[in-house]
Amino acid sequence: MRLAVLYGHAVLIRGDRAAGVRVASNGRLPADPMALLEQWDRLRVLEASLPDEAYDIEVDPDALGAPVPRPRQVFAVALNYPPHAAEAGFTPPEEPLVFTKFPTCLAGPRTTVELPEGKVDWEAELVAVIGRHTHRASEERAWEAVAGLTVGQDLSERVSQLQGKPAQFSLGKSFPGFGPTGPVVVTPDEFDDPDDLEITGLLNGEVVQHDRTKSMIFPVPELVARLSAVVPLLPGDLVFAGTPAGVGNRMNPPRYLTPGDELVTRIEGIGEIRQHFTAVPRRDAP
Ligand code: ZN
């Protein structure tokens, strides 16, 4: 099953066409994606019963929004791919290194991002969407807690991210537009192996990041188990699962996003998101 948000309403996607969830369910399920995530099992029953004719809306990719626009909790994980840990100068961590992206930074799959002052970098990431209330999940059953997977960018302003001692990650990763996601949430059963997906980041058409999610030190089920050992996870919560090697601040010389750049992030079986970057209009102090 593939779920998206089109013109602000939850839709199911089949091929390049969409079915509005509220209309297709005769009003029994809500158009609000956050309310819908509370009724994931009923949505799956609806989707299984829908004929192709129900998919009567053509999808305009520019009209897609964040598939999960208002999660209550957003987790993100640092240094979860060994080559990225190595390029950052660290040995692979023994515990997940967890921070947050504050939810106001979330955005849809095709956006223009204003570059704040500083050094803005890219991080292509798999994002897991929680589908049910989950506390103290076992790793073996953790996939049952996951509604689906989507594509994300953990955009990061490195000066504010790294200036403290110890550094604190969350603010520098939460400027407006710094959490683009989409284009769809894909349920785990749609993949041959949801633990092994090709992930690619392209800057102006050049591949800068490329790996497979099976390289992750803490795969999605282990992240769900370890996070939920402490925090009850709620429907719609997001887990940004970490980035492969190839971020800009570890290049020699370092490279950062500049106005006019185009960043494409792609994950096998899900799709791609596309960000353009512009300068922030200067505001003089009053
Ligand atoms: Zn990240």
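This one's a predicted model, so the numbers in the text were calculated from it and none came from an experiment. (Residues numbered from 1 in each chain as written. Predicted model: local features only at pLDDT ≥ 70, side-chain atom pairs only at ≥ 80, totals over all residues. Heavy atoms only, no water.)

A.B. asks: Help me understand helix H6 (residues 220–228) in this model?
C.D. replies: Since one α-helical turn is 3.6 residues long, residues separated by three or four positions face the same way. Along H6, 8 of the 9 residues are buried, which leaves the element largely enclosed by surrounding structure. Among the residues of H6, those classed as buried are Val220, Pro221, Glu222, Leu223, Val224, Ala225, Leu227 and Ser228. (Buried < 20%, exposed > 50% of the residue type's maximum accessible area, 1.4 Å probe, protein only. Helix = DSSP H or I, 4+ residues; strand = E, 2+ residues; numbered from the N terminus.)

A.B. asks: Explain the pattern of salt bridges to me, please; I cannot follow it from the model alone.
C.D. replies: Opposite charge on two side chains makes pairing possible when the charged atoms of those side chains draw close. Going through the model one piece at a time under the given rule, you end up with 21 salt bridges. Between arginine 132 and aspartate 41 there is a salt bridge; the shortest N-O distance is 3.2 Å. Here arginine 132 is found in the loop between strand S10 (124–130) and strand S11 (146–153), whereas its partner aspartate 41 is found in helix H3 (residues 40–49), with 91 residues between them in sequence. Since its relative accessible area comes to 33%, arginine 132 is described here as partly exposed. One network of salt bridges, with partners in common, ties together Lys101, Asp121, Glu123, Asp154, Arg158 and Lys173. (Salt bridge = Lys/Arg side-chain N within 4 Å of Asp/Glu carboxyl O.)

A.B. asks: Help me understand the pairing of strand S2 (residues 9–14), please; the structure alone is not making it clear to me.
C.D. replies: A regular strand carries its side chains on alternate faces of the sheet. Two elements, strand S1 (residues 2–6) and S2, share 4 bridges in a ladder whose sense is antiparallel. Paired with valine 5 across the two strands is alanine 10, which belongs to S2. Connecting the antiparallel pair S1 and S2 is a turn made up of 2 residues, with tyrosine 7 showing a positive phi of about 50°. Direction of pairing for S2 relative to strand S3 (residues 17–20): antiparallel, over a ladder of 4 bridges. Bridged to isoleucine 13 within S3 is alanine 18. Linking two consecutive strands that pair antiparallel, namely S2 and S3, is a turn of 2 residues; a positive phi of about 65° is found at glycine 15 within it. (Pairing = 2+ DSSP bridges.)

A.B. asks: What exactly am I supposed to notice about the nonpolar core here?
C.D. replies: One broad trend across soluble globular proteins is that nonpolar side chains are buried collectively. Leu126, Val146, Leu149, Val220, Val224, Ile267 and Ile270 are the most contacted members of the largest nonpolar core, which has 38 residues in total. Only S1, S2, strand S5 (74–78), S10, S11, strand S13 (179–186) and H6 provide two or more residues apiece to this core. Both domains that furnish three or more residues to this core are identified here as domain 1 (2–65) and domain 2 (74–279). Setting aside residues up to four positions removed in sequence, isoleucine 270 forms contacts with Arg2, Leu126, Leu149, Thr150, Val151, Gly182, Pro183, Val184, Val186 and Phe191. Among the nonpolar cores identified, the runner-up in size contains 30 residues, and Leu29, Trp40, Val74 and Ala78 belong to it. (Core = buried A, V, L, I, M, F, W, Y, C linked by side-chain atoms within 4.5 Å. Domains from an automatic or database assignment. Contact = heavy atoms within 4.5 Å.)

A.B. asks: Got a minute to help me understand the side chain of asparagine 249 in this structure?
C.D. replies: The residue asparagine 249 is located in the loop between strand S16 (238–240) and strand S17 (262–267) in this model. When its relative accessible area of 14% is taken as the criterion, asparagine 249 is described as buried. Residues in contact with asparagine 249, not counting those within four places in the same chain, are Asp121, Arg158, Leu162, Pro254, Arg255 and Tyr256.

A.B. asks: Would you mind showing me how to read the sheet that holds strand S8 (residues 110–115) here?
C.D. replies: Consider a sheet: its strands pair through backbone hydrogen bonds, and that pairing is either parallel or antiparallel. Across the sheet, which stays open at both edges, the 5 strands sit in the order S8-S18-S17-S14-S15 with mixed pairing between neighbours. Because the sheet does not close on itself, it has two edges, and the strands there are S8 and strand S15 (206–212). Neighbour to neighbour, the strand axes of the sheet diverge by 20° on average, direction disregarded. In this structure, strand S14 (residues 198–203) lies alongside S15, joined through 6 bridges in antiparallel fashion. From the neighbouring strand, glycine 201 faces S15, where its bridge partner is glutamine 209. (Axes fitted to C-alpha atoms, helices over the stretch in contact; angles between N-to-C directions.)

A.B. asks: What am I meant to see in the layout of surface pockets here?
C.D. replies: Over the atoms a probe the size of a water molecule is rolled, and this reveals where empty space is left. There is about 350 Å³ of room inside the largest pocket. Ala78, Leu79, Phe90, Gln161 and Phe169 are the residues nearest the centre of the largest pocket, which is lined by 22 residues in total. Contributions of two or more residues to the lining of the largest pocket are made by S5, strand S6 (97–100) and helix H5 (158–162). Taken together, the residues that form the lining of the largest pocket break down as 11 nonpolar, 5 polar and 6 charged. (1 Å grid on protein atoms, 1.4 Å probe; cavity = no way out; pocket = protein on both sides within 12 Å on 5 of 7 lines; lining within 4 Å. Points joined across faces, edges and corners; volume = space filled by probe spheres on them. Nonpolar A, V, L, I, M, F, W, Y, C, P; charged D, E, K, R; others polar.)

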